[in-house]
Every structure is written in structure tokens, then in C-alpha cells.
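In case you want the letters, here they are:
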Amino acid sequence: MPLDAHPSAPAPATVRDLRFAIEEFNFEYAAVLDAGKVADWPNFFTDDALYVVTGRENADANLPVGLVYCEGIGMLKDRALAIAKSMMFAPRYMQHQFSNVRILALEADGTIVARTNYVLYQTLVDEKTTIQQVGRYDDRFVRRDKRLLLRARRCVYDSLIIDTALIYPV
Amino acid sequence: MPLDAHPSAPAPATVRDLRFAIEEFNFEYAAVLDAGKVADWPNFFTDDALYVVTGRENADANLPVGLVYCEGIGMLKDRALAIAKSMMFAPRYMQHQFSNVRILALEADGTIVARTNYVLYQTLVDEKTTIQQVGRYDDRFVRRDKRLLLRARRCVYDSLIIDTALIYPV
Amino acid sequence: MPLDAHPSAPAPATVRDLRFAIEEFNFEYAAVLDAGKVADWPNFFTDDALYVVTGRENADANLPVGLVYCEGIGMLKDRALAIAKSMMFAPRYMQHQFSNVRILALEADGTIVARTNYVLYQTLVDEKTTIQQVGRYDDRFVRRDKRLLLRARRCVYDSLIIDTALIYPV
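All values derive from a computational prediction rather than experimental measurement.

### Considering the environment of B:Arg79
Within the secondary structure, B:Arg79 is located in helix α3 (residues 73-86). For the pair formed by B:Arg79 and B:Glu23, sequence separation is 56 residues and the distance between their alpha carbons is 25 Å.

Structure follows, in C-alpha cells:
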């Protein structure tokens, strides 16, 4: 089912609270990644989380294939470890910026369905800052011990041509 | 009168409510356009709405001329139809991002005068994502049946050199 | 002490209020600068304010050196005056956009420690809009007569290669 057609749209006051909570979540998420603390990145996900990075063409066609596919916290941790090691060889600064946080649904079990636009900027040593990718998160959040966690994050990028060395989490 | 010098600045609590409402409006507006549903675009405007896309030099000089000028829902619908047809020949992804939503005035008749910064990203097939334009919306919103609608949207772009095929709504 | 390890993290409701207040502050700050009213720029600072523009490498190493260093309102006013004069010779449009406003601490004396991501776009006559720099503000705000003022703003840019004619305030 496309997110836009979700049946359980929440009330405006709820939307405001949820949008604030998800913005705060995303700002923390970005702060961790942009500070290069990639080992802490899996902490934003549930144990059974799905993390996917895929192009908009694939997402629009409901194809599961993508550039990155992680199912479960084990795969996320493996990926974080691999990145932490490879980062030494390719120093760069990343910065995430967010906009257009939309609450699409609050489901009966408390799952929050949300979409956020992102821009990921990249600065390599001795180069100008460039747009690494522009895209959107298609997210499913759950609450665990009063904290929000990602049960699914699909990073759907518009940018068809991406630096082939896409190793850093979006 | 320049918007900055508007006499009827609203109270802080009102500003917060209005800013939230206008952010939600703009996020929906972008979601519709960025999904390519250009036929739904006129639904964000009143019947007598003004929609203008113009450069900052023109706007600063209070010149009405611009790249795009639509007065009334009829012209907006004509434009939407023309774009929907021409889009087939030039596939591209667009993404709007917003920042700096400012409530400049709440007038006696309920009109909200607001300004929002935007970036419009464009991705053509087999090309990198580029900044199509950076600019600001100078808006006048009214309420109709509890919904906000645009009575005027002036898209004032900084970018002096714009892809001459600017056909998609900003 | 790195901002991330700040001991006095405020409660969520306070965070929401503070984030709103700081967003409004930054939107006004940007509106003044982006309209070219650089003479009004020092009004956003306390008399004893610190204003620094520096690269992320320097900031991460806690080095005080930077591209721009102003201590006290006198130096800010001198800088504003110099820019106002030199702007005549290099006409350009600037636009600030903000994201990821994070409240890191509310200290006992009321000082608010905050961080905001920014993008500064620049458009020169007859050129495309470019990203002048991507970075973050590391800020310390105080209240004076119910208004927020900057006691310190450190603009920490990712962009290692910046237009050498960086004269306009960030």
C-alpha cells in the first residue's frame, strides 16, 4: 500500500507532538552519524529492524532491491563495523539536513508511519562540499521504554548517479 | 508595502500555531508536486489566486513581470494541464525542501502573510541531482472550511540563471 | 568540553519551547542578512559577544584560530561597516537555510547551549546558485529584556574550500 493512501491519519494535535518527536530523533541520528560515531548508529533501530537504501525508481515500483539492504540488528552492526574500518582510508565530512517531516499514520499498535526529506552533504579533503544525495526516509517508528526506535527505514534517493563509494549510512 | 514592514505582527503563541499550520500546508504541497501529481496542484489555491514566479531583482523593484504569471484558478489549471502533458517528454524527479517559515502578519480579515525559504532540487535521468533554484515564497493564506488556501504565492528566486525549461510548479 | 557531553540536558517540554525560540531567532537573523541589512547584524549579539567562523578541523581540535574572529560588539560593528562598503563592489544574493536545531543544555544562569545546521547559498550575477558553505552554529544564547541574544556564535563549516572572498556574515 502506498504511504500516501494510509487510512489511519492522526489528529492535528497528535501530528504536532509526533512531528516534534521524530524531528528530535532525526537530529540525534544525524548528530551521531555526522560526528563519525558510526558504531552507535545501530542503537537507533529495533532488533528486527529493516534498513534499506534504494533509488526512487525501485521504490515507486515496489521493488525490494536496492543499494543497501540490512535485515536485523546483526546486519546493521556488521555494516557499522565495516564502515568504521574503511572510513580511515577515505576521510570526509558528512552532514544531514532534514525538511518536510510528515506523519502519515499512527497505527493501532502505536507504530508511527512517517516520511522525511533529507539532503546528505559530503566534503572530501581539498574539495568543495557537494550534494551526496537528495532523498526521503520512509520510516516506521515504534516506542520502546519511552524512546522511539526505527523498525524500518527506507532511504529512497532521487539522485540516480551516486558516488559509487556509498558506504556511509544515510 | 514591503512585507518586512508589516504593521500587524501577531503574538508569539499565534506565531507558533500559524507556523505549524503553514509548514504542514507546504509539506503537503511539496508531496503532491514531488510525486508528479501536478493536476492536484491548483487545489492548494483559492479561485481568485495569484501565482507568480519571478526573480529577486524584479521583486525588490516591485515589478509585476516574471517568468510565470497566473491570475485565477483557470490559468493555474491550464498550466497544470500543459505541464502534465509535457512532463512525458522530460522525465525528472523534483524535490522541494523548506526552511525559515516566518509569519509576518495576521490581518484583521484572517489573512496570514508569510514567507518561506525553499530549495528545489532536480534530478534528470543519468545526471546528478542539482539545485534547480533557491528562493522564497511570499504568501498570502486564507481559511476556507477550516483549510488553508493560497490566495497569493509569489515564488521569488535568487537563482538568476535557471534552466530555461522551467515548466514545473515551484 | 565538547557540547555533546554537556551535563545539563533540559526536559522535553523545555526543549520544544527553546527550539521554537531559537528557530525564530535564526529566521530573523537570516532575514536581516539575506536582505543585505548587514548594519543591523550586530544587534543580534550581546556587547561582550564572541563571533567566530572556523573550519571543522580546527573546531574538533579545539583550536581558537579561524577565518573570522570577533570579540565584542565593537569588532562586530567594524566588520559590518567594512562589509557594507565592500558589498557595493561584489553584488550577490545570499540565502541562509537552517535545519537540525538542537538544544544541548540550559545552564543554571539561563544560558542556552544550542547547535544548528546551516547551508549558505550564494548567487553571483550571471552565475548559478552555489553552496557557499555547509556548517553548523555552535551557539550560546542569553536573555536580555525578554529577547534572546547571542553571547557566542561559532560558525563551524565543513566546506574546506571556500570562496576566498568570504566577507559576508554567516
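### A few points about the packing of helix α1 (residues 12-34) of chain A against helix α1 (residues 12-34) of chain B
At a closest axis distance of 12 Å, the pairing of α1(A) and α1(B) adopts a crossing angle of 85 degrees. Taken together, α1(A) and α1(B) sit at an angle that is classed as roughly perpendicular. Two secondary-structure elements touch here, α1(A) through A:Pro12, A:Val15, A:Arg16 and A:Arg19 and α1(B) through B:Arg16, B:Asp17, B:Phe20, B:Glu23, B:Glu24 and B:Phe27. Here the residues of the contact of α1(A) with α1(B) are counted per class, giving four nonpolar, no polar and six charged.

### Digging into the interface of chain B and chain A
Opposite the 27 residues of chain B that make contact, chain A presents 25 residues. Around 2100 Å² of area is buried between chain B and chain A when both sides are counted, 50% of it from carbon and sulfur atoms. Together, B:Phe20, B:Phe27 and B:Tyr93 form the three largest contributors to the area buried by chain B at its contact with chain A, with a combined 30%. At the boundary of chain B and chain A, one finds four salt bridges. In this structure, B:Glu23 engages A:Arg19 in a salt bridge whose closest nitrogen and oxygen atoms are separated by 2.3 Å. Across the contact surface, chain B and chain A share 12 residue pairs in polar contact (both at pLDDT 80 or more).

### A short note on the relation of the copies chain C and chain A
When chain C is fitted to chain A, the best match, at an RMSD of 0.0 Å, comes from turning it 120 degrees and sliding it 0.0 Å along the axis. The relationship between the two copies is best expressed as a three-fold rotation axis. In terms of proximity to the rotation axis, the leading residue of chain C is C:Ser99, whose C-alpha is 4.2 Å off the axis.

Procedures and definitions
- Residues numbered from 1 in each chain as written.
- Chains lettered and ligands numbered in written order.
- Predicted model: local features only at pLDDT ≥ 70, side-chain atom pairs only at ≥ 80, totals over all residues.
- Heavy atoms only, no water.
- Helix = DSSP H or I, 4+ residues; strand = E, 2+ residues; numbered from the N terminus.
- Axes fitted to C-alpha atoms, helices over the stretch in contact; angles between N-to-C directions.
- Parallel < 35°, antiparallel > 145°, perpendicular 65-115°, else oblique.
- Contact = heavy atoms within 4.5 Å.
- Nonpolar A, V, L, I, M, F, W, Y, C, P; charged D, E, K, R; others polar.
- Buried area = accessible area lost by both parts, 1.4 Å probe.
- Salt bridge = Lys/Arg side-chain N within 4 Å of Asp/Glu carboxyl O.
- Polar contact = N/O pair within 3.5 Å; in protein donor to acceptor, adjacent residues only side chain to side chain.
- Least-squares fit on C-alpha atoms with pLDDT ≥ 70 in both.

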